[in-house]
Amino acid sequence: MKYQADNKGFYGEFGGAYIPEMLYPNIEELRQNYIQISESDSFQKEFQSLLTNYVGRPTPLYFAESLSEKYNTKIYLKREDLCHTGAHKVNNTIGQILMAKRLNKKRIIAETGAGQHGVATATVCALMGLECVIYMGSLDIQRQAPNVARMKMLGAEVKAAKSGSKTLKDATNEAIRDWINNPVDTHYIIGSVVGPHPYPDMVARFQSVISAETQAQLLEKENREYPDHVIACVGGGSNAAGLYYHFLENLQVNIIAVEAAGKGINSGASAATSVLGKEGIIHGSKTLLMQTLDGQITEPYSISAGLDYPGVGPMHAHLFRSKRAEFISIPDQEAMDWGLTLSQMEGIIPAIETAHAFAVLDVRKFYPDEVIVFNCSGRGDKDLDTYIDHFKLK
Ligand SMILES: *Cc1c(COP(=O)(O)O)cnc(C)c1O
């Protein structure tokens, strides 16, 4: 297995667990137990049942006829936008809350930037009746009022991180501090395939339901279990990891990862980590990271809050470095245009994160008999204000 994590959590040269000593007991407890627990019959039974009855899985693999005709190729959309809470993130939070319960944790903490992961975490805490504390930068609390209200409505406590830039990385620092102080009763739910081992591997396994379903659905629709291309946007990389997972070792499947070029790769305002990033350590993991020459992390920028992350998960750093995946970066403007195009051609209003992936259709050639699967990672309800401003829809 060349593209999966090894038993120390390395994907090639990337990954691992670079953590302060005081976090060691928490991470070690998780590392020793996560595979055994998540592969147990009782876990799988409960996980699958919730994915079916609560999340609404399997999500459809929808053949997009108008798009396919226009681009003269076969285009399918994996409809993660139809999951409960509006995106793929809940697949992971369901998995992790079941893990937390089996580790006898009574309290959940999480960090959130735009609030999507915070909402997905608050949702499963409400479902399971566990105490929930969400750390969020005080600037993000101002910018993302509707998601703050959702979390509160779901019964979570939202704690403001007031240090530094008052955004995601400061919220992450606060969450880590909380976990160090509460090692016995608290589980930390990380929201993407980032962080120290075992998080990237654990989150990828929970999200891999996306490609497992895709295999079965393609077998039915196309008479073969794999497509020619899988395409997904990459923030931290969890929806992409979920779509790629069961195709990673099948070299007949081309993997395309789409990053946010923001205002342009060389504008100083982007999140194009594969182009601009260098090796470094962020949130306990060795990966590609946007940083200055002396190693200070650069503030990322994207019009979509979910892609606005200065690194990528270690799986994706390895896919890039080994050339297993093609990386393409798409500027804000093109992503916004695709939000409108997908709405009007297919009647699907995508999240702005998701819209980035579709822009690949304009920058790369596909052939008529090729089968392409896009991950439609989330719906655009949360982005309506941004679409309204951009397209002057008022
Ligand atoms: C959070 C989010 C993303 C980015 O996160 P990944 O971990 O890279 O998947 C992409 N799309 C949507 C809809 C999101 O909410």
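Bear in mind that the values here come from a model prediction, so they are computed numbers and not experimental data. (Residues numbered from 1 in each chain as written. Predicted model: local features only at pLDDT ≥ 70, side-chain atom pairs only at ≥ 80, totals over all residues. Heavy atoms only, no water.)

### Things to note about the environment of Ser66
No. 1: Residue position: Ser66 is located in helix H3 (residues 65-71).
No. 2: Residue classification places Ser66 among the partly exposed positions, given a relative accessible area of 35%.
No. 3: In this structure the C-alpha to C-alpha distance between Ser66 and Gln217, which are 151 residues apart in sequence, comes to 20 Å. (Helix = DSSP H or I, 4+ residues; strand = E, 2+ residues; numbered from the N terminus. Buried < 20%, exposed > 50% of the residue type's maximum accessible area, 1.4 Å probe, protein only.)

### Digging into the site of the ligand
No. 1: Neighbouring the ligand are 16 residues; Lys89, Ser192, Gly235, Gly237 and Ser238 lie closest to it.
No. 2: A distance of 3.2 Å is found between an oxygen atom of the ligand and a backbone nitrogen or oxygen belonging to Gly236.
No. 3: Burial of the ligand by the protein amounts to 96% of the accessible area it has alone, namely 380 Å².
No. 4: Among the elements of the structure, helix H11 (238-244) and helix H15 (352-358) are those that each provide at least two residues to the shell around the ligand.
No. 5: Considering only residue class, the shell around the ligand consists of three nonpolar, eleven polar and two charged. (Near = heavy atom within 4 Å. Polar contact = N/O pair within 3.5 Å; in protein donor to acceptor, adjacent residues only side chain to side chain. Areas by Shrake-Rupley, 256 points an atom, 1.4 Å probe, with all protein chains shown as cover. Nonpolar A, V, L, I, M, F, W, Y, C, P; charged D, E, K, R; others polar.)

### Quick word on the sheet that holds strand S4 (residues 74-78)
No. 1: With respect to topology, six strands assemble into an open sheet ordered S3-S4-S14-S9-S10-S13, the strand pairing being mixed. Each end of this open sheet is capped by a strand with a single partner; those strands are strand S3 (61-63) and strand S13 (325-331). For this sheet, the mean angle separating the axes of adjacent strands, direction not counted, is 25°.
No. 2: Across three bridges, the pairing between strand S9 (residues 229-233) and strand S14 (residues 371-375) is parallel. Across the sheet, the residue bridging to Val230 is Val373, located in S14.
No. 3: Docked against the sheet, helix H14 (residues 332-346) engages S3, S4, strand S10 (254-262) and S13, running at close to 95° with respect to S13. (Pairing = 2+ DSSP bridges. Axes fitted to C-alpha atoms, helices over the stretch in contact; angles between N-to-C directions. Contact = heavy atoms within 4.5 Å.)

### With respect to the pattern of salt bridges
No. 1: By the definition in use, this model includes 22 salt bridges.
No. 2: In this structure, the salt-bridge partner of Glu279 is Arg321, at a minimum N-O distance of 2.8 Å. Highlighted residues: Glu279 in strand S11 (residues 278-282) and Arg321 in helix H13 (residues 314-321), separated in sequence by 42 residues.
No. 3: With a relative accessible area of 37%, Glu279 lands in the partly exposed category.
No. 4: When its relative accessible area of 36% is taken as the criterion, Arg321 is described as partly exposed. (Salt bridge = Lys/Arg side-chain N within 4 Å of Asp/Glu carboxyl O.)

### Some points on the confidence of the model for the chain
No. 1: The share of residues in the chain with pLDDT of 70 or more is 100%, and the mean pLDDT across the chain is 96.
No. 2: Across the chain, S9 holds the top mean pLDDT of 99, while helix H6 (residues 138-143) sits lowest at 91. (pLDDT = per-residue confidence, 0-100.)

### Observations concerning the nonpolar core
Most often, soluble globular proteins have nonpolar side chains that are buried together.
No. 1: One finds Met99 and Tyr244 to be the most contacted residues of the largest nonpolar core, which totals 84 residues.
No. 2: Composition of this core by domain shows at least three residues from each of domain 1 (11-50 + 89-203) and domain 2 (58-86 + 208-391).
No. 3: Excluding residues that lie within four positions of it along the chain, Tyr244 makes contacts with Ser211, Val230, Ala232, Val234, Ile255, Ile256, Ala257, His316 and Leu319.
No. 4: If you look at the next biggest cluster of nonpolar residues, it comprises 28 residues, including Tyr71, Val258, Phe358 and Phe374. (Core = buried A, V, L, I, M, F, W, Y, C linked by side-chain atoms within 4.5 Å. Domains from an automatic or database assignment.)

### Looking at the sheet that holds strand S8 (residues 186-188)
No. 1: Strand order in the open sheet made by the four strands is S7-S6-S5-S8, with parallel pairing throughout. Strand pairing shows two members of the sheet lacking a second neighbour, strand S7 (157-161) and S8, which therefore form its edges. Going across the sheet, the axis of each strand differs from the next one's by a mean of 25°, ignoring polarity.
No. 2: The pairing of strand S5 (residues 107-112) with S8 spans three bridges and is parallel.

### Considering the packing of aromatic side chains
No. 1: In the structure shown here, the tally under the stated rule is twelve aromatic pairs.
No. 2: Plain terms: the ring middles of Tyr387 and Phe391 are 6.3 Å apart, the flat faces sit at 25° to each other, and that makes the pair stacked. Residue Tyr387 and its partner Phe391 are located together in helix H17 (residues 384-391), separated by four residues, close to a single helical turn. Comparing Tyr387 with Phe391, the two get one shared label, buried.
No. 3: Taken together, the aromatic side chains of Tyr71, Trp338, Phe358 and Phe374 make up a single cluster linked through ring pairs.
No. 4: A cation over an aromatic ring shows up here: Arg224 above the ring of Tyr226, its NZ or CZ 5.0 Å from the ring centre.
No. 5: One Lys or Arg, Lys365, reaches over the ring of Tyr367 and ends 5.3 Å from the middle of that ring. (Phe/Tyr/Trp six-rings, centres within 6.5 Å; stacked < 30°, edge-to-face > 60°. Lys NZ or Arg CZ within 6 Å of the ring centre and 35° of its normal.)

### Some points on the state of the cysteines
No. 1: Applying the stated criterion across every chain, the model contains zero disulfides.
No. 2: Looking at the unpaired Cys83, the closest cysteine sulfur is the one in Cys376, lying at 10 Å.
No. 3: The exposure class assigned to Cys83 is buried, which follows from its relative accessible area of 0%.
No. 4: No disulfide involves Cys233; its sulfur sits 9.6 Å from that of Cys376, the nearest cysteine.
No. 5: For Cys233, a relative accessible area of 2% translates into the label buried. (Disulfide = S-S within 2.5 Å.)

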